[in-house]
2 protein chains.
Amino acid sequence: MSGNHRELLQSLGVNLDLHDQLIAHNTKLHERTHVAQTCRPKAMGLFDEAFHASHGNRVAEIVEYRRNGGKSIGTFCIFVPDEIALAAGVLPIPLCGGSHWPVDYADKMFPREICPLVRSTFGMAFSNTCPYKKLKDAAVGETTCDAKKKAWDLLGFNVMEVPQKKNERDRDLWRAEVRAFREMVEQLSGKRLTLDSLRLEVRRQNRKRMLLQEINALRTATEPPISGLDALLVSQVALAMDVDAFIRAAAELLGELRERIEDDISAYETPGPRVLMAGTPSPLGNAKVHYAVESSGMRIVADESCTGSRYYRDLVDETPVTLEGLLDAVADRYFRIDCSCFSPNHERIEHLLDMAELYHVDGVVQNILSFCHGYNVEAKVVEQALQKRDIPMLKVVTDYSFEDLEQLRVRLEPFREILQAKTGASARAE
Amino acid sequence: MSGNHRELLQSLGVNLDLHDQLIAHNTKLHERTHVAQTCRPKAMGLFDEAFHASHGNRVAEIVEYRRNGGKSIGTFCIFVPDEIALAAGVLPIPLCGGSHWPVDYADKMFPREICPLVRSTFGMAFSNTCPYKKLKDAAVGETTCDAKKKAWDLLGFNVMEVPQKKNERDRDLWRAEVRAFREMVEQLSGKRLTLDSLRLEVRRQNRKRMLLQEINALRTATEPPISGLDALLVSQVALAMDVDAFIRAAAELLGELRERIEDDISAYETPGPRVLMAGTPSPLGNAKVHYAVESSGMRIVADESCTGSRYYRDLVDETPVTLEGLLDAVADRYFRIDCSCFSPNHERIEHLLDMAELYHVDGVVQNILSFCHGYNVEAKVVEQALQKRDIPMLKVVTDYSFEDLEQLRVRLEPFREILQAKTGASARAE
């Protein structure tokens, strides 16, 4: 980090000593998990850069943006409709923490028995190591789980109500919540949304999502051109980067991956079993279970999570010709997200089984953040659905700390052997 | 339990050996916590009976009711509007488990890191010790917390959507959910609700709630005529007993308590500090923290929980003259419940502070079931509100097991001393 950034961070109230510890922790992990891989696409350098920039250049960009009168909001969930904020001239800054380092600092306010994502997010704020703390005009939470919902209350955040069922009346409630969000961001920026401004942002977000779809579709190949760890990093920084900068980087990566497919270049030295990762998100900084799985000899070829397919699967319908129509289209796109917050959540099971088939997976690893009751209880529904299709499954419940890495491997390696034995048996039978 | 009941239970698929263990466990605890008290009102005998009857006579009553064509539903939350079910000829049977004994049996389906209430409820079902398992035509869950919501999905229950905010659109959603519940119970019984049938049940439920209000109001007295343990038992069996039988028993108890007030008869041998219990419910069978608090020399004079004021505070407006109007009045009464599922939940803090004043409490014990994120995170909001009023607070997070009783006392006894020192100091200052 350059000297300039140190001054910048200090001016934002960041505790530099603690911040140095945080960055050292995160950088060391990133080297160990991502950089140490031997067959990475060259374009991944752009995403490594974006990872480091999240506490450097990106901060400087946002400071500059705000100096020129721009407004910004902190967000914590992929239910917050970015295109509406952007169309009103408000920059959404996703603030979900993925680093283990600040977790203990959350104890000031929160119980220890809640998920590491919430604890990491607020641990950053309470340890004064989050450069974005002062770079937002409002914070927008949502009601997707008990711990987050109550955290927003405690901290006096705005809260968007994500309904808990998917009936017509829930869709109407959600459309109204999206309208309330629109008013909130318009008041913040003093700019009214127009059909044109919203359509522009819808197209940009759709472009971003399509690129993620295309990149991930290449993982269906027999020789996946990108590792699970790197595909995760791409999704993670999709949230953190400037949209246009991300689109450029993703297009470059996509080009390189297509070449790799043509040249049969794999991201892996050895072809381990193909695994789908399903469950909770892994925000930027957390790639622990992905690392544990891939360093145990399996290849993650698909991600069913908020930092995976849940983020890019659905596009906004661009055809409505009125602002109200387009607002409904935006609302409806987000309402299709198959979060475990919905009761029931059959769509998720359907999506997951479709992905298992499309990506030719040998098994599924359910990746559940500790104390996430939603995904942890729903894991049983997933397990039952996979059993019916005879797809082996392993559920991993853990936090961000690397302390239990070897314990995870003790479970992951036999799982790999089960998958290998099963694939070998079916190969012999053919 | 008589021989008759053994045959009855066996016919309901109950595993008699395990059921004997469960009953022995629950009875021993009840003797230790409730019966061992030295200054109990005589009428508490009626509620002890109701406690034992929940696995005996009450089961026989419901079997008889169903033999005569009656329908019944299992319920798990005070948001399910009993009066609507009853007016349609459907008996609601509250099934929340309060016993520690079956907790481990829930592991078949559920993670261990969820609240003991869910684990106890399904532990009973999975160990075949719940006599009500076969005595219901449907099960009706709700969306008040992540673990319960996902448990209903997993088990294929009906789910009423309790909204997460209290805006007008949420009230409308809830009114629609109440209408859907009405249709469900009407279909079950084949009976249509009428204004008269609903009004009758509204009045009966209001009568029950008013009796609970009157009984609890007497606890504001300098010498509370009923202990916290016994007041809890009254609330607990209010859910389990036949409504009319409960009304008769509660009226008898109320009469005796009024005489005690006149005669200055306390439920306590020694006048310890006055405590308000706030937080999660204690379903029938669980009185652990109440016991820990009172056996540590404090007097519980008020309960802010679903097995306390949340259950009886609000009455249904009986004045509407149309069925639709009365249905709205029922819905609106339930919508006033100040569950931690709502964001924000300012009403709860107001109610809690009002109670602290009305009941002249010296301190508050927050009683939080393990892994209940809603009340556990909201506990910080409660703490902050109490600090402003200079009301001492202790938060206890625990499950149903008595294993940590001494650990709880190690924290409760110094808390009692703090309250005594504070009361002594203010008495000297006067």
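Given the structure is predicted, the values throughout are model-derived calculations rather than measurements. Numbering of residues begins from 1 in every chain and follows the order in which that chain's sequence is written. Think of it this way: whatever chain is written first is A, whatever ligand is written first is 1, and the rest follow in order. Confidence filtering applies because this is a predicted model: local features only for residues at pLDDT of at least 70, side-chain atom pairs given and counted only at 80 or more, and all residues used for totals across whole chains, interfaces and linings. As a convention, hydrogens and water are excluded, and side-chain values are obtained from all of the structure's heavy atoms.

Numbered from the N terminus, helices here are DSSP runs of H or I no shorter than four residues, and strands are runs of E no shorter than two. For chain A, the count of helices and strands is 17 helices and eight strands. Here the C-alpha atoms of chain A give a radius of gyration of 21 Å, agreeing with the 22 Å that 2.2 N^0.38 yields for 430 residues. Per-residue burial over chain A gives 62% buried out of 430 residues. Any two residues having at least one pair of non-hydrogen atoms within 4.5 Å are treated as being in contact. Nonlocal contacts in chain A, meaning residues at least 24 apart in sequence, comprise 77% of its contacts between residues at least 6 apart. Accessible areas in this description were obtained via Shrake-Rupley with a 1.4 Å probe; residue shielding takes into account the shown protein chains only. For chain A, the accessible area works out to roughly 16400 Å², and carbon and sulfur atoms hold 50% of it. Charged side chains in chain A number 54 positive and 63 negative. The centres of these two groups are separated by 3 Å. For the radius of gyration, the atoms used are the C-alpha atoms, and the globule rule reads 2.2 Å times the number of residues raised to 0.38. Accessible area is worked out with a 1.4 Å probe on protein chains only. A residue is then buried under 20% of its type maximum, exposed over 50%, and partly exposed in between. In this tally Asp and Glu are treated as negative and Lys and Arg as positive; neither His nor the chain ends contributes. Note that the charge is assigned to NZ on lysines, CZ on arginines, CG on aspartates and CD on glutamates.

For the rest of this paragraph, the subject is the interface of chain B and chain A. Across the boundary between the two partners, chain B contributes 45 residues, which contact 45 residues of chain A. Roughly 3700 Å² is buried in total at the junction of chain B and chain A, and carbon and sulfur atoms are behind 54% of that figure. Of all residues in chain B, Lys150, Gln164 and His373 of chain B bury the most surface against chain A, accounting for 19% of the area lost on that side. Put simply, a salt bridge is a Lys or Arg side-chain nitrogen that is within 4 Å of an Asp or Glu carboxyl oxygen. Inspection of the region where chain B meets chain A yields four salt bridges. Where Glu177 of chain B meets Arg169 of chain A, a salt bridge forms, and the shortest distance between an N and an O atom there is 2.9 Å. By the criterion applied in these results, polar contacts are pairs of N or O atoms within 3.5 Å in which, for protein atoms, one can donate a hydrogen and the other can accept it, and in which residues neighboring in sequence qualify only through two side-chain atoms. Across the contact surface, chain B and chain A share 32 residue pairs in polar contact (both at pLDDT 80 or more). The term buried area denotes the loss of accessible surface (1.4 Å probe radius) that occurs when two parts are joined, taken as the sum for both partners.

A few words on the packing of aromatic side chains. Centres within 6.5 Å make a pair out of two Phe, Tyr or Trp rings, where for Trp the six-membered ring is used; the pair is then stacked when the planes are under 30 degrees apart, edge-to-face when over 60, and tilted otherwise. Overall, the coordinates contain 31 aromatic pairs over all chains when judged by the stated rule. Put simply, the rings of Phe76, Phe110, Phe122, Phe126, Trp152 and Phe157 of chain A touch in pairs and so form one group of aromatic residues. The side chain of Lys166 of chain B reaches across the aromatic face of Phe342 of chain B, ending 4.4 Å from its centre. Above the plane of the ring of Tyr334 of chain B lies Arg333 of chain B, whose end atom (NZ or CZ) is 4.6 Å from the centre. Charge over a ring is defined by NZ of Lys or CZ of Arg lying within 6 Å of the ring centre and within 35 degrees of the ring normal.

Take unusual backbone geometry next. Residues and elements named next belong to chain A. Following Ser343, the chain continues to Pro344 via a peptide bond in cis, the omega torsion being -10 degrees. Along the polypeptide, Pro344 turns up in the loop between helix H14 (323-335) and helix H15 (346-358). Residue Phe371 is not a glycine yet carries a positive backbone phi of 70 degrees. By the secondary structure assignment, Phe371 is in the loop between strand S7 (363-369) and helix H16 (373-388).

Another aspect to go through is the relation of the copies chain B and chain A. Superposition of chain B onto chain A requires a rotation of 180 degrees combined with a translation of 0.0 Å along the rotation axis, giving an RMSD of 0.0 Å. The transformation just described matches what one would write down for a two-fold rotation axis. Residue Asp146 of chain B, judged by its C-alpha, is the member of chain B lying nearest the rotation axis, at 3.2 Å. Both copies share a contact surface, since 100% of the interface residues of chain B are interface residues in chain A too. Superposing copies: least-squares fit, C-alpha atoms only, residues required to have pLDDT of at least 70 in both.

With that settled, the discussion passes to the packing of helix H9 (residues 195-217) of chain B against helix H10 (residues 228-240) of chain B. All names here are of chain B. Axis definition: a line fit to C-alpha positions, over the contact stretch in the case of helices; interaxial angles, taken between N-to-C directions, run 0 to 180 degrees. It is at 11 Å that the axes of H9 and H10 come closest, and there the two elements cross at 175 degrees. Classified by the angle between their axes, H9 and H10 sit roughly antiparallel to one another. For the pair H9 and H10, contact is made by Lys208, Leu212, Ile215 and Asn216 and by Ala231, Val234, Ser235 and Ala238, respectively. Think of it as three bins: nonpolar holds Ala, Val, Leu, Ile, Met, Phe, Trp, Tyr, Cys and Pro, charged holds Asp, Glu, Lys and Arg, and polar takes everything else, Gly as well. Of the residues belonging to the contact of H9 with H10, the class tally is five nonpolar, two polar and one charged. In this scheme, roughly parallel covers angles under 35 degrees and roughly antiparallel covers those over 145, while 65 to 115 is roughly perpendicular and the rest are oblique.

Residue and element names in this part refer to chain B. All told, the structure shown has 83 salt bridges over all chains when counted by the stated rule. Taking the shortest distance from any N to any O, the salt bridge between Arg112 and Asp104 comes out at 3.9 Å. The exposure class assigned to Arg112 is partly exposed, which follows from its relative accessible area of 49%. Assessed through its relative accessible area of 49%, Asp104 is described here as partly exposed. Between Arg348 and Glu304 there is a salt bridge; the shortest N-O distance is 2.9 Å. With a gap of 44 residues between them, Arg348 in helix H15 (residues 346-358) and Glu304 in strand S6 (residues 299-304) connect regions that are remote in the sequence.

This part is about the sheet that holds strand S3 (residues 138-142) of chain B. Pairing between sheet strands relies on hydrogen bonds along the backbone, with the strands arranged either parallel or antiparallel. All names here are of chain B. Pairing is parallel across the open sheet formed by four strands, whose spatial order is S2-S1-S3-S4. The open sheet is flanked by strand S2 (90-94) and strand S4 (158-160), the only strands paired with a single partner. Direction aside, neighbouring strands of the sheet carry axes that sit 30 degrees apart on average. Two strands pair if DSSP finds at least two bridges between them. Bridging between S3 and S4 involves three bridges; their strand directions are parallel. When the bridges of S4 are listed, Glu142 appears paired with Met160. Contacting S3 and S4, helix H7 (residues 146-155) crosses the sheet at an angle of about 150 degrees to S3.

Attention now moves to a negative patch on the surface. All names here are of chain A. A residue counts toward a patch only above 30% relative accessible area and without a salt bridge, and it is joined to like-charged neighbours within 9 Å or, for Val, Leu, Ile, Met, Phe, Trp and Tyr, to nonpolar neighbours within 5 Å. On the surface, Glu259, Glu262, Asp263 and Asp264 cluster together to form a negatively charged patch. Mapped onto the fold, Asp263 is located in helix H11 (residues 243-263). Owing to a relative accessible area of 51%, Asp263 belongs among the exposed residues under this scheme.

Residue and element names in this part refer to chain A. Here we have four strands laid out as an open sheet, ordered S2-S1-S3-S4, and parallel in their pairing. One side of each edge strand has no neighbouring strand; the edge strands of this open sheet are strand S2 (90-94) and strand S4 (158-160). Sheet twist, expressed as the average angle between the axes of neighbouring strands with direction ignored, equals 30 degrees. Relative to strand S3 (residues 138-142), strand S1 (residues 71-75) runs parallel, the two sharing three bridges. Along S3, the bridge assignment pairs Thr75 with Val140.

This part is about the packing of helix H2 (residues 16-35) of chain A against helix H3 (residues 44-53) of chain A. Residues and elements named next belong to chain A. The geometry of H2 relative to H3 is characterised by a closest axis approach of 12 Å and an angle of 165 degrees between their N-to-C directions. With respect to H3, the element H2 is oriented roughly antiparallel. The element H2 and its partner H3 pack so that their crossing is right-handed. Of the residues in H3, those in contact with Asn26, Thr27, His30 and Val35 of H2 are Asp48, Phe51 and His52. For the contact of H2 with H3, the residue count by class is two nonpolar, four polar and one charged. For a crossing to be left-handed, the near helix must be turned anticlockwise from the far one by less than a right angle; the clockwise case is right-handed.

Here Asp338 of chain B lies in the loop between helix H14 (323-335) and H15. Not counting chain neighbours up to four residues away, the residues in contact with Asp338 of chain B comprise Lys166, Glu304, Arg310, Arg313, Asn345, Glu347, Arg348, His351 and Tyr375 of chain B.

Below, the discussion takes up helix H2 (residues 16-35) of chain B. Residues and elements named next belong to chain B. Taken residue by residue, H2 has Leu16, Leu18, His19, Leu22, Asn26, Leu29, His30, Thr33 and His34 as its buried positions. Projection of H2 onto a plane perpendicular to its axis shows the buried side chains occupying an angular sector of 155 degrees, all on one side. Structural note: H2 exposes Asp17 and Lys28 on the side pointing more than 90 degrees away from its buried face. Sitting at the head of H2, Asn15 places a side-chain oxygen 3.1 Å from the backbone nitrogen of Asp17. Note: the arc covers the axis-to-C-beta directions of the helix.

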